[in-house]
Each structure stands twice: as C-alpha cells, then as structure tokens.
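# Structural characterization, general
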Amino acid sequence: MTATLSIHDRPNASQAEPLLRFEGMGLAYPTPKGPYPVLENINFNVEAGEFICVIGHSGCGKSTLLNTVSGFAKPTSGQVLLKGAPIQRPGPDRMVVFQGYALLPWLSAYDNVALAIESVKPELSEREKRDIVMEHLAMVGLTAAAEKTISQLSGGMKQRVAIARALAIRPEVLILDEPFGALDAITKEELQEELLQIWNTQKCTVLMITHDIDEALFLADRLVMMTNGPAAGIGEVLTIDFPRPRSREDIMEDPKYYELRNNALDFLYNRFAHDDDAS
Amino acid sequence: MSTVTSSGFNVAQWWKRSRKTILPPLLGIGGFLLFWQLSASLGFTKLSGPLSLWTEERTRELLLYPFFDRGGLDKGLFLHTMSSLSRVAMGYTLAAVVGIGVGIAVGLNQALNRAFDPLFQFLRMVAPLAWVPIALVMFQQNQPAAIFVIFITSIWPILINTAEGVRQIPQDYRNVALVLQMSRKRFFTKILIPSALPYIFTGLRISIGLAWLAIIAAEIVMPGTPGIGFFIWDANQNGYVSDIVLGVIWIGAIGLILDRLMAWLQTRIATGR
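Given the structure is predicted, the values throughout are model-derived calculations rather than measurements. (Residues numbered from 1 in each chain as written. Chains lettered and ligands numbered in written order. Predicted model: local features only at pLDDT ≥ 70, side-chain atom pairs only at ≥ 80, totals over all residues. Heavy atoms only, no water.)

What follows deals with the overall build of chain A. Helices and strands together make up the secondary structure of chain A, namely 9 helices and 10 strands. A separation threshold of at least 6 residues defines the contact pool for chain A, and within that pool the share at least 24 residues apart is 70%. Within the structure as shown, chain A displays about 12400 Å² of accessible surface, and the carbon and sulfur contribution to it stands at 50%. Computed over 26 positive and 38 negative side-chain charges, the separation of the two mean positions in chain A equals 5 Å. (Helix = DSSP H or I, 4+ residues; strand = E, 2+ residues; numbered from the N terminus. Contact = heavy atoms within 4.5 Å. Areas by Shrake-Rupley, 256 points an atom, 1.4 Å probe, with all protein chains shown as cover. Lys, Arg positive; Asp, Glu negative; His and termini not counted. Charge placed at Lys NZ, Arg CZ, Asp CG, Glu CD.)

In structure tokens, the structure reads:
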C-alpha cells in the first residue's frame, strides 16, 4: 500500500473500547437464488465525538452500512458493537436524520420536535420540554417558524427541523443519510456550517453519508470510501486533520486539501470507477 | 347609507358571470322533467308525471305539510325522514366504530388481512335486501334487524379504506416511531390515525351514501313504524304511485345532503394538514 493517508485503525487511539466497532461485519439479503451479499468483512472503529463521512457510488451499500448502526438492518455475519454491546434494534441513542426528512406533515415544526422529546424523555416537566424544543429550533434558526406546519416550509427549513428533532433528544450517535443532497448550494453551505457548530457544542458522534467530496473534506475527521457492491467493503479511510474550527477559505488554501481531494477522486473514478461511469 | 354603489350587488353583472354555471343544470333538469311529464301524459308509461305531485290531492298535502303529525303512521314526510335518519345514524355509527377498529387491525397485521380479506370482499357484494331475511332470523326483532342491515351494508368501504390507509403509512413515519421507541398508544394517536385519516374519511363518505341506500331494505322489515322507507313500501302496497315518487325525491334529496355534509367535513378535517 502506497497511500500514506490511509489508516484503518488509528495507531495512537486509546486502548479503551471505541464507541462503535464493526467486527468482520457482513450483510447479505436472501434471494430465491441464494444470499446476495451487500456488505462484506467490514472492520472499522469510531471513537466518541468523531465526525465520520461515508462516500461511495450509488447502490454500494452506504445506507445499509449506517442502517446496521441505527438498528434498521441486522448484520448476517460479524457484528456491530456500541460501547461493547451488539446493536439489537433502533433506539434514540442513535438518532437518524432520514433522507426524506420524515417529518409528520400534519404537525407544526414545534410539535415535530416536541413529539420526539415526549417519546424519549417523558419524565421531563412540560416547561423543560418546551425549553428544549425552543432551544433546538433556535439552534437551527427556526424560532420564528416554530408554529408553521411542515407543508409551509421550504426544503432547507424542513431539513433544519429534522436536524433539530434529532439533536433535541441528545443522541450519542447522529446518523445522517445524504442530508443536504436535495438542497441548493447556498442553503447547503449554511446548513453544513450550522451542523459543524452544533456538533462542536454537543460533542455527539456523527456518521454521515454524502456524495460530495468537498462537503466531506469540510466536515469530517475521517472519510470512509467504500468499494463497489456487491459485497462492498471499506476501500480506504482518509484522515482529514485540518484544525478546527474550520473555515472554508482556509482549508481550500491548504495544499493538503487538494492532495486529499485528488486521492478521493482517484479512488472513486479510477480505482473503483462505477460501471456506468467507466463505459 | 348609499343605495347601489359600484361595488354593490348588480343583478345584470351577476347574471352575466354565473349564467354559465346556472343555466345548464336548469336546462338539464327542466328538460328531464318535461320529458317525464310528456311521456306520462301521452301514456307511454304508467308512472305518474312530476305534475301529479300537485294534481293528486293526497300527494299535494304530503308535499305541502311535511311536519303534520296525526299520530301513528299518519305523519308528514319530514317526521318519517327523521325516524329513518335516527335508524341510519345508529347503524352507521356502529359501522364506523367497528369498521375503523377492524380496519386498523387488518391493516397492521398481514396474517389477519390474509385470513379475512376474501371474506370481506365476498360479503361486501351482498345486496342490502339479501341481508333482510338473515337479519330477521339472527335478531328475531325488527329494530335490531333494521339497524343490522344498515350496519352490514355500510361497514365495508370504511373497513377496507381504513385498512388501506394503515398499510399506506409511509415507512419513514414507521421508522421515526421505531427509532424514538414510541409507545403503542403514542404511535396510534400521533402517527397512525393522522396518517390514515384521509383514507378513513373517503370510506366514511362512501359509506354514508350506502347506509342511506339501505334504508328501504331495512324498513321493509319494520311494518307499523314510521320511516321514509316504510312510507314508500306502504304507498306501493296501496298503489299510490305519486306518493312513491314524492318519497323517492325525499330520499334523493336527503342522500345528497348527507353526502355534501361528509364532503364538507372531509375538507375541514382531512385537509387541515
């Protein structure tokens, strides 16, 4: 291996149990012609507080990989451990920001967030619940739109509500499946910055799927690049160690930015080019 | 107070604007009544024409005085209708409660759906009139039998639409409930019911029409009690054709009002989202 930037396990990581550990994890769907392997032999550790981005061609199993963390998919071989215990089912400690927002359209922005808190933390007083909802709506700049119904909100505002809902219940792991894919460029940059700020203050662990290399380089500590399916695996992991807090201008002036970017592009379009792209 | 200003009501302008929406139905209905009256007057049919509602003295009295009550069965058509409506209300309410309940159960449970769907599909094809003898044998009493006929006629659209509404709850919403580990009760009230509500209302609207259609069948089994269905049946026994025509007009008008009422409720409740 010549890729100097590639590391699968951080050599200086502490010996303590990582927050998340994929151990020889594989997942195959049963089909009439026998099992169809989606993921194979995934070995990877995530430390608490890390921001991880996952990139790879469509259909390579990125979503399935994150679904094994959220608990919506079960590995058929190996396991995924959260603080040493295998993940059994979905739970609010691993909150998901769904690809299509998954907000309830008959409720207001406020009620969507409130429903999450009422479900996860019913023991809080009404006042405390209210304060948490308003705090998180304020965090994503939606204080004024709190009482609007979801259908009255733009795509960017919906994604903000979805993020506020996810963060309000204080998950240990925040899972985002291409959260900004459907947004315009300006809204996307705004939300990326808001997400970084919130991550900075809340110190949760983030797993995020993206199609956008620049987005990953701006946000992530490490970028997981997946090989093509079937039987996809982790091809390479880039460590992105720009100092934080990051500014877009600063990192784009850093020569390392282009080194990383070219490495990722080379991985996606030369070494693991998609069939459609190659033809 | 000024009299007619430029913003005031202007008959000529109003007529110009709404002529296109008012004239065609007037012409259509007028033409139909004319055709009916002509074919009756010329003897093409034994059915009395629309004018007979006025020319037959017995029918004219029923037409002009819907509220009279001389005791027993000798009542105005409004009072007959109210008796029928209360019967429909009971059968329909029962159908709504059972239909929504069973619909949710069937919608949530694949096995239950496979077990009962063929039965539901079969039973919903049975005509109201066919239920009458069965209802009489089952209940041995007129009133429960009549309510059962209304119930069994109107339950199917509610049940089938509710089940479909529950099946159509987007996977995303179910996933939200899963990841938040929502209690069953919260899932019901916050996700299932609001999500399925438009489907439930579609079922309720179709069913109110069916419940009303079943009224004649239901009241055939109830001789000696007031009701619009029985009124028509009774007029038929006596050969009062113009009375039957008047009764049918009442039934059509009430059915139309019930349907409009449900449509209005539907837009009020199911679009507030």
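Residues and elements named next belong to chain A. Following the criterion strictly, the structure yields 25 salt bridges over all chains and no others. Salt-bridge contacts for Arg248 lead to Glu193; the nearest nitrogen and oxygen are separated by 3.1 Å. With a gap of 55 residues between them, Arg248 in helix α7 (residues 248-253) and Glu193 in helix α5 (residues 185-202) connect regions that are remote in the sequence. Residue classification places Arg248 among the buried residues on the basis of a relative accessible area of 16%. In this structure, Arg261 engages Asp214 in a salt bridge whose closest nitrogen and oxygen atoms are separated by 2.7 Å. Note that Arg261 is positioned in helix α8 (residues 255-271) and Asp214 in helix α6 (residues 213-219), a separation of 47 residues in sequence. Salt bridges linked by common partners bring Glu17, Arg21 and Glu23 together as one network. (Salt bridge = Lys/Arg side-chain N within 4 Å of Asp/Glu carboxyl O. Buried < 20%, exposed > 50% of the residue type's maximum accessible area, 1.4 Å probe, protein only.)

It is a probe the size of a water molecule, rolled over the atoms, that shows where empty space is left. Residues and elements named next belong to chain A. Following the criterion strictly, the structure yields 2 cavities of 30 Å³ or more and no others. In this structure, the largest cavity occupies an estimated 70 Å³ of space. When residues of the lining of the largest cavity are traced back to their parent elements, those giving at least two are β2 (36-46), β3 (51-55) and α1 (62-70). With 3 residues, the top contributor of residues to the lining of the largest cavity is β2. Of the residues in the lining of the largest cavity, the class split is 11 nonpolar, no polar and no charged. (1 Å grid on protein atoms, 1.4 Å probe; cavity = no way out; pocket = protein on both sides within 12 Å on 5 of 7 lines; lining within 4 Å. Points joined across faces, edges and corners; volume = space filled by probe spheres on them. Nonpolar A, V, L, I, M, F, W, Y, C, P; charged D, E, K, R; others polar.)

What follows deals with the sheet that holds strand β9 (residues 222-226) of chain A. Residues and elements named next belong to chain A. Read from one edge to the other, the open sheet built from 6 strands follows the order β6-β7-β8-β3-β9-β10, with strand pairing classed as mixed. This sheet does not close on itself; its edge strands, each paired only once, are β6 (94-97) and β10 (234-239). Mean inter-strand twist for the sheet, computed between neighbouring axes without regard to direction, equals 20 degrees. Examined bridge by bridge, β3 and β9 share 4 bridges and lie parallel to one another. Across the sheet, Ile52 pairs through a bridge with Arg222, a residue of β9. Relative to the sheet, helix α4 (residues 155-168) contacts β6 and β7 (173-177), its axis offset from that of β6 by approximately 175 degrees. Here α8 sits on the sheet in contact with β3, β9 and β10, set at roughly 170 degrees to β10. (Pairing = 2+ DSSP bridges. Axes fitted to C-alpha atoms, helices over the stretch in contact; angles between N-to-C directions.)

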